[in-house]
Protein chains: 2
Amino acid sequence: MIELEISVAPMHRLCKNAGADRVSEEATKELAKVLETIGIKIAKEALDYAVHAGRKTIKAEDIEIATRKVMEK
Amino acid sequence: MIELEISVAPMHRLCKNAGADRVSEEATKELAKVLETIGIKIAKEALDYAVHAGRKTIKAEDIEIATRKVMEK
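Residues numbered from 1 in each chain as written. Chains lettered and ligands numbered in written order. Predicted model: local features only at pLDDT ≥ 70, side-chain atom pairs only at ≥ 80, totals over all residues. Heavy atoms only, no water.

Chemist: Give a detailed account of helix α3 (residues 60–72) of chain B, specifying residues and quantitative values.
Modeler: Between its first and last C-alpha atoms α3(B) spans 19 Å; for 13 residues at 1.5 Å apiece the expected length is 18 Å, and the two agree. Along α3(B), the residues that are buried comprise B:Ala60, B:Asp62, B:Ile63, B:Ala66, B:Thr67, B:Val70 and B:Met71. Taken end-on, α3(B) shows its buried residues confined to a sector of 145°, consistent with a single buried face. Among the exposed residues of α3(B), those oriented more than 90 degrees off its buried face are B:Glu61 and B:Glu72. On its buried side, α3(B) packs onto α2 (25–52) and α3 (60–72) of chain A together with α2 (25–52) and β2 (57–58) of chain B. (Helix = DSSP H or I, 4+ residues; strand = E, 2+ residues; numbered from the N terminus. Expected span 1.5 Å × (residues − 1). Buried < 20%, exposed > 50% of the residue type's maximum accessible area, 1.4 Å probe, protein only. Arc of directions from axis to C-beta. Contact = heavy atoms within 4.5 Å.)

Right under this line is the structure:
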């Protein structure tokens, strides 16, 4: 299995915070996988914006605009 | 500041994996915030599907269908 950057413990807490009584282990893994995929998409878009602005550093404003772009697709 | 479940260290690694040389601290916090918001949305939708199926446990299949719904909006 591919190693994920996002760990499963916070995914379990997110589901509990959302009101769930119980969460299967597979569900926490799936949520980690999904958020990691979305996160990488956003980071790649953010990097494009940073480079376009002549920077080598991703800034918060790059993440903001990249998020809007990824979520509107 | 609101305490997030998702920590910033994996967000930094996600950005590095996406090809970034450098990532500002504010950018990693913004990415954590964004993914946490999306994660909670997905978890809430997943809980609705679980309850609708007569379960108290969120399963991987609930996360899958909830993700499609949240990302298509």
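Chemist: Any chance you could break down the side chain of B:Thr28 for me, citing the residues and the numbers?
Modeler: Residues and elements named next belong to chain B. Tracing the backbone through its elements, the reader meets threonine 28 in helix α2. There is a polar contact of 2.6 Å between the side chain of threonine 28 and the backbone oxygen of glutamate 25. Setting aside residues up to four positions removed in sequence, threonine 28 forms contacts with Val8, Met11, His12 and Val23. (Polar contact = N/O pair within 3.5 Å; in protein donor to acceptor, adjacent residues only side chain to side chain.)

Chemist: How would you summarise the environment of A:Ser7 if you had to cite specific residues and measurements?
Modeler: Residues and elements named next belong to chain A. By the element assignment, serine 7 lies in the segment before α1 (8–17). Serine 7 sits in the partly exposed class, given a relative accessible area of 43%. Separated by 24 residues in sequence, serine 7 and leucine 31 have C-alpha atoms that sit 9.8 Å apart.

Chemist: Explain the relation of the copies chain A and chain B to me, using residue names and the numbers behind them.
Modeler: If you rotate chain A by 180° and push it 0.0 Å along the axis, it lands on chain B with an RMSD of 0.0 Å. The operation mapping one copy onto its partner corresponds to a two-fold rotation axis. (Least-squares fit on C-alpha atoms with pLDDT ≥ 70 in both.)

Chemist: Any details on the nonpolar core? Residues and values, ideally.
Modeler: In terms of nonpolar packing, the biggest core is built from 46 residues, with A:Leu35, A:Ile42, A:Ile58, B:Leu35, B:Ile42 and B:Ile58 touching the most fellow members. Elements represented by at least two residues in this core include exactly α1, α2 and α3 of chain A together with α1 (8–17), α2 and α3 of chain B. When near neighbours in sequence (up to four residues on either side) are disregarded, A:Ile42 contacts A:Ile63, A:Ala66, A:Thr67, A:Val70, B:Leu31, B:Val34 and B:Leu35. (Core = buried A, V, L, I, M, F, W, Y, C linked by side-chain atoms within 4.5 Å.)

Chemist: Kindly report on the side chain of A:Glu30, identifying the contributing residues and their values.
Modeler: Along the polypeptide, A:Glu30 turns up in helix α2. Sequence-distant contacts of A:Glu30, that is, excluding residues within four places in its chain, are made with B:Ala60, B:Ile63 and B:Glu64.

Chemist: Let's hear about α1(B): which residues, and what values?
Modeler: Burial in α1(B) covers these residues: B:Pro10, B:Met11, B:Leu14 and B:Cys15. On an axial view of α1(B), the arc spanned by its buried residues comes to 145°, and they lie on one face. Contacts from the buried residues of α1(B) go to α2 and β2 (57–58) of chain A together with β1 (22–23) and α2 of chain B. Immediately downstream of α1(B), the backbone of B:Gly19 shows phi near 115°, a positive value.

Chemist: Residue-level account of the interface of chain A and chain B, with values.
Modeler: Accessible area lost upon the coming together of the parts is a frequently used measure of interface size. Listed as interface residues are 39 residues of chain A and, on the opposing side, 39 residues of chain B. When chain A packs against chain B, close to 3400 Å² is buried across both sides, 71% of that on carbon and sulfur atoms. Counting the surface chain A buries against chain B, the share from its top three residues, A:Glu5, A:Leu14 and A:Met71, is 17%. Summed over the shared surface of chain A and chain B, the result is 2 salt bridges. A salt bridge links B:Glu5 to A:Arg13, with the nearest nitrogen and oxygen atoms 2.5 Å apart. Counting only elements with at least two residues in the side of chain A that touches chain B, the list comes to α1, β1 (22–23), α2, β2 and α3 of chain A. Among the elements that line the side of chain A that touches chain B, the one with the most residues is α2(A), at 14 residues. Partitioning the side of chain A that touches chain B into residue classes produces 21 nonpolar, 6 polar and 12 charged. (Buried area = accessible area lost by both parts, 1.4 Å probe. Salt bridge = Lys/Arg side-chain N within 4 Å of Asp/Glu carboxyl O. Nonpolar A, V, L, I, M, F, W, Y, C, P; charged D, E, K, R; others polar.)

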